[in-house]
Amino acid sequence: MFEKFTQKAIDIVMNAQIQAGNSGADKVYSEHLLLGLVLAAKGVQAKLIGVHDIDINELKEKINRKINLKKEPKNGEFIPFSTGAKDILEKTMEIAKFYNNSLVTPFHIALAIFNSKDSGACEILKEFNFEEEKVISNIKGVLNKKAKKSAFKHPEEDEDNNSKQFFKKVDTIFTENSLSNLLSSAKSKLSTYGYEILGTEQIVESVLDIRDSDIVKILEKYGITKEAFDEKLKTFSNRSEEYGERQIIFTPNAFRAMLNTFEAAKEFGSVEIKPEHIILGVLKAKTGIAYKIIKELTGYKTDLEEQLTKELNTGAKTMPETLAILRLAKAECINLNKNIIGTEMILLGILAYKNGVAAAVLDKLGITLKDARLQVENLIGDDVFEENGSIKYTQRAKKLLEIAYEAAKNHGKEKIMSEHILYAITKIKDCVAMKILENLGTDTLEIKQGILSEMKNIMI
């Protein structure tokens, strides 16, 4: 649930848990959520939700008397949520969805609390000079205003994203040695079906043929076996799910899945295309026969891509650097109430990943995460912008990962490391990340020299 909460919303929940524990409560009650809200709300926001005049100490006293505490403080211990508190948290998700917001903010939590008329929180509020109707009207006004805003236009979304650029990458698919055997296997299956063009179904069948691969063993846990897949495939009497206007070696959906395969490999920081990247590519494409079969076999599991990513990293001593950086970039994106990852969010991810060479380089140049965040807020803005609720990458962010991929490959590396990503930023001079670095007093030459210097130190 909380992955959809902004950092400020998470702070409210954390405040509630801490206060419940400090007071010795056996559960986190709706009253504690109210206390968490009052503690977190500041300035204009506090006035809008009508809690600016509530005295914290007085509120704590009223809550403690009402709950009738009998237990010792549970500092640091996990405290479960009461049924009433759970209902309020679930309502926040419903309210966010109603206003077409992909993220839960303090306004959603406040509205959920104030609308829970029979809760202990609302009973406590009656003891203060709280103007319920006025406050609810104010909050709805704020949420309606945000809902009506046009989709966020990211500074990096002005690139030409036409079909020529999209299909130009097809040649690189055939230069990947790691894919040659798998594609040969997939093509050999065409005669069995009487087809001439590869579809997602033949590609996934060929992945499932590799019985000893990690991804095949993981897929079996979800009921996706070679036998089950083939059985489902027999139910498809035609390939309408695969075709479009273009007649190429891949069906359009297979081609889209293969391009997503490269994206998945980059996100994992790998310079080799592996079977697991193909499966993730099919899931990212969200279309095609193979995708439909996988969804049916897993009972339409919605978070399969995320679950597979976790399982593929199970047992690894450390998470791949690129994956860790991109996850941190996603967290920064959510905390800033955005759903678009540009090069600036990846830069924040690099700075947040303290163990990387890139972070060490930037630290020596005097670039801090705090200063970079302020620059991001100045350049991107601090309002909540909505599109379809899912987080996506700008074209320049994708280009950045491509450059990092090629840099790692050209240097004979098996993984994309943080230094390759930082180097890639310097190669896209008009990206927001480079603009931020320049605003903070550095340039491409200093960064490149810093990377070389840091790499020499590691080798010594």
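Residues numbered from 1 in each chain as written. Predicted model: local features only at pLDDT ≥ 70, side-chain atom pairs only at ≥ 80, totals over all residues. Heavy atoms only, no water.

1. What about the packing of aromatic side chains?
In this description, an aromatic ring pair is defined by two values, namely the gap between the centres and the angle between the planes. Here is the rule we go by: For this analysis, a ring pair means two rings from Phe, Tyr or Trp (six-membered ring only for Trp) whose centres lie within 6.5 Å, classed as stacked if their planes differ by under 30 degrees, edge-to-face if by over 60, and tilted for the remaining angles. In this description a helix means any DSSP run of H or I spanning at least four residues, a strand means any run of E spanning at least two, and both kinds are numbered starting from the N terminus. Categorising residues by exposure relies on relative accessible area from a 1.4 Å probe, with only protein chains included: less than 20% of the type maximum marks a residue as buried, more than 50% marks it as exposed, and the intermediate range marks it as partly exposed. For a Lys NZ or an Arg CZ to count as sitting over a ring, it must be within 6 Å of the ring centre and within 35 degrees of the ring normal.
Applying the stated criterion to the full structure yields two aromatic pairs. Judged by centre distance (4.9 Å) and plane angle (55 degrees), the rings of Phe 114 and Phe 130 are tilted. Of this pair, Phe 114 sits in helix H6 (residues 106-115) while Phe 130 sits in the loop between helix H7 (120-125) and helix H8 (132-148), and the two are 16 residues apart along the sequence. Neither Phe 114 nor Phe 130 differs from the other in exposure class; each is buried. Sitting over the face of the ring of Phe 128, Lys 62 holds its NZ or CZ atom 5.6 Å from the ring centroid. For Lys 266, the ring lying beneath its charged end belongs to Tyr 405, and the centroid distance is 5.8 Å.

2. What to know about H6
With nine of 10 residues buried, H6 is to be regarded as a mostly interior element. Among the residues making up H6, those that are buried are Pro 106, Phe 107, His 108, Ile 109, Ala 110, Leu 111, Ala 112, Ile 113 and Phe 114.

3. Quick notes on the packing of helix H22 (residues 357-364) against helix H25 (residues 418-427)
Stated formally: Helix axes are fitted to C-alpha atoms over the stretch in contact, other axes to C-alpha atoms as well, and angles between N-to-C directions run from 0 to 180 degrees. Note that the term roughly parallel is reserved for angles under 35 degrees, roughly antiparallel for angles over 145, roughly perpendicular for angles of 65 to 115, and oblique for everything else. It only takes one pair of heavy atoms within 4.5 Å for two residues to be counted as in contact. Any residue that is not Ala, Val, Leu, Ile, Met, Phe, Trp, Tyr, Cys, Pro, Asp, Glu, Lys or Arg is counted as polar, Gly included; the first ten are nonpolar and the last four charged.
Running from N to C, H22 and H25 cross one another at 55 degrees; their axes reach a closest spacing of 6 Å. It follows from the interaxial angle that H22 and H25 lie oblique. From H22, Val 357, Ala 358, Val 361 and Leu 362 reach across to H25, where they touch Ser 418, Glu 419 and Leu 422. For the contact of H22 with H25, a count of residues per class yields five nonpolar, one polar and one charged.

4. Remarks on the environment of Lys 97
Tracing the backbone shows Lys 97 in helix H5 (residues 83-98). What makes Lys 97 exposed here is its relative accessible area of 69%. As a C-alpha pair, Lys 97 and His 108 span 11 residues in sequence and 9.9 Å in three-dimensional space.

5. Some thoughts on the pattern of salt bridges
For clarity, the threshold we go by: The working definition used for a salt bridge is a side-chain nitrogen of Lys or Arg within 4 Å of a carboxyl oxygen of Asp or Glu.
Inspection of every chain in the model, using the stated rule, returns 20 salt bridges. Where Glu 58 meets Lys 62, a salt bridge forms, and the shortest distance between an N and an O atom there is 3.9 Å. A residue pair is termed a helical-turn pair when its members lie 3 or 4 positions apart in one helix, as Glu 58 and Lys 62 do in helix H4 (residues 56-67) at four residues. For Glu 58, a relative accessible area of 35% translates into the label partly exposed. Relative accessible area serves as the criterion here: at 13%, Lys 62 is assigned to the buried category. The salt bridge involving Glu 131 is made with Lys 134; its shortest N-O contact spans 3.7 Å. Judged by relative accessible area, Glu 131 falls into the partly exposed class, the value being 43%. If you follow the salt bridges from partner to partner, you end up with Lys 189, Asp 209, Lys 226 and Asp 230 in one network.

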